[in-house]
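A structural walkthrough
Each chain, written out:
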Amino acid sequence: MTKPKILERLEKLIENAKRYSSLDSFRAGLAAAVEILEDEEIEKLEVMFQMQQALDERIIAERNIDKTLDEWVIAITIAMESEIDEIRREVNWKWWKQEKQIDLDRLQEEVIDLWHFLLSLSRMVGLTPATIHEKYMAKNKINHQRQEHGY
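The following refers to the structure shown. None of the values given here were measured: they were computed from a predicted structure. (Residues numbered from 1 in each chain as written. Predicted model: local features only at pLDDT ≥ 70, side-chain atom pairs only at ≥ 80, totals over all residues. Heavy atoms only, no water.)

A few words on the overall build of the protein chain. Within the protein chain, the regular secondary structure consists of 5 helices and 0 strands. Order of helices (α) and strands (β) in the protein chain, N terminus to C terminus: α-α-α-α-α. For the protein chain, the residues scored as buried account for 17% of the 151 residues in total. Of the contacts formed within the protein chain by residues at least 6 apart in sequence, a portion of 65% connects residues at least 24 apart. When the accessible surface of the protein chain is totalled, it reaches about 12100 Å², and 56% of it is carbon and sulfur. (Helix = DSSP H or I, 4+ residues; strand = E, 2+ residues; numbered from the N terminus. Buried < 20%, exposed > 50% of the residue type's maximum accessible area, 1.4 Å probe, protein only. Contact = heavy atoms within 4.5 Å. Areas by Shrake-Rupley, 256 points an atom, 1.4 Å probe, with all protein chains shown as cover.)

Turning to a nonpolar patch on the surface, a few remarks are in order. Residues Met48, Val111, Ile112, Trp115 and Leu118 make up a contiguous nonpolar surface patch of roughly 390 Å² in combined accessible area. When residues in the nonpolar patch are grouped by element, the largest group, 4 residues, is from helix α4 (residues 104-124). When you line up the elements, Ile112 lands in helix α4. Ile112 gets classed as partly exposed once you look at its relative accessible area, which sits at 44%. (Patch = residues over 30% accessible without salt bridge, like charges linked within 9 Å, V, L, I, M, F, W, Y side chains within 5 Å. Salt bridge = Lys/Arg side-chain N within 4 Å of Asp/Glu carboxyl O.)

In a regular helix each residue adds 1.5 Å, so 21 residues correspond to 30 Å; helix α3 (residues 69-89) covers 30 Å between its end C-alpha atoms and thus fits that length. Along α3, the residues classified as buried are Trp72, Ile76, Ala79, Met80, Glu83 and Ile87. Mapping the buried residues of α3 onto a view down its axis gives an arc of 105 degrees, with all of them on the same face. Opposite its buried face, α3 presents the exposed residues Asp70, Glu81 and Arg89, each directed more than 90 degrees away. (Expected span 1.5 Å × (residues − 1). Arc of directions from axis to C-beta.)

What follows concerns the pattern of salt bridges. According to the stated counting rule, one finds 7 salt bridges in the structure shown. Arg106 is the partner of Glu109 in a salt bridge, and the nearest nitrogen-oxygen pair spans 2.9 Å. Remark: Arg106 and Glu109 occur in helix α4; sequence separation between them is 3 residues, near one turn of the helix. Among the ionic contacts, a cluster of salt bridges with common partners joins Glu90, Arg106, Glu109 and Glu110.

What follows concerns the nonpolar core. Grouped together as the largest cluster of nonpolar side chains are 7 residues: Trp72, Ile76, Met80, Ile87, Leu107, Leu114 and Leu121. Contributing elements (two or more residues each) for this core: α3 and α4. In terms of residues, this core owes the most to one element, α3, which gives 4 residues. Those residues in contact with Leu114, other than ones at most four positions away along the chain, are Met80, Glu83, Ile84 and Ile87. (Core = buried A, V, L, I, M, F, W, Y, C linked by side-chain atoms within 4.5 Å.)

Quick look at unusual backbone geometry now. For Asn64, which is not glycine, the phi dihedral falls at a positive 55 degrees. Relative to the assigned elements, Asn64 resides in the loop between α2 (23-63) and α3.

Before going further, it helps to spend a moment on the packing of aromatic side chains. Geometrically, a pair of aromatic rings is defined through the distance of the ring centres and the angle of the planes. Going through the model one piece at a time under the given rule, you end up with 2 aromatic pairs. With a centroid separation of 5.9 Å and an interplanar angle of 85 degrees, the aromatic rings of Trp93 and Trp96 are classed as edge-to-face. Under the relative-accessibility criterion, Trp96 is labelled exposed at 52%. Each ring, one from Trp95 and one from Trp96, has its centre 4.8 Å from the other, and the planes form 90 degrees; the classification is edge-to-face. Side by side, Trp95 and Trp96 carry an identical accessibility label, which is exposed. Among the aromatic residues, those joined into a ring-pair cluster are Trp93, Trp95 and Trp96. One cation-aromatic arrangement involves Arg146 over Tyr151; the distance from NZ or CZ to the ring centre is 4.8 Å. (Phe/Tyr/Trp six-rings, centres within 6.5 Å; stacked < 30°, edge-to-face > 60°. Lys NZ or Arg CZ within 6 Å of the ring centre and 35° of its normal.)

Written out as structure tokens, the structure reads:
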């Protein structure tokens, strides 16, 4: 969804929320709005999953690749480690060297490369956009609880 459409949708949601007479009704309306936006984000992730699946299938077919799940997990995590190293090379982590200006475009490109492999790995282990959202939300809650209890 394009930014103007998102803004248009938010404006409609705000207009609808103004119709509620009580705070509880307003909260319910706001919760519904958040749910709509979350669904739209999941839809974007689904598109990314489909695109990555098409790329993975193309590479597998063109290169005649036949790997077990174990082999895929090992191969993809090694590729992810390589991408992480490329990300690290874009920032000033070496305290003994002169700092360089960070090329944010290049840094973002490397992070997106990592996302490609993360999407592939997610698909291979049976995660979907919906299960990623569900499991992320649950784990995020646990991580906050851990912080509250001196983890």
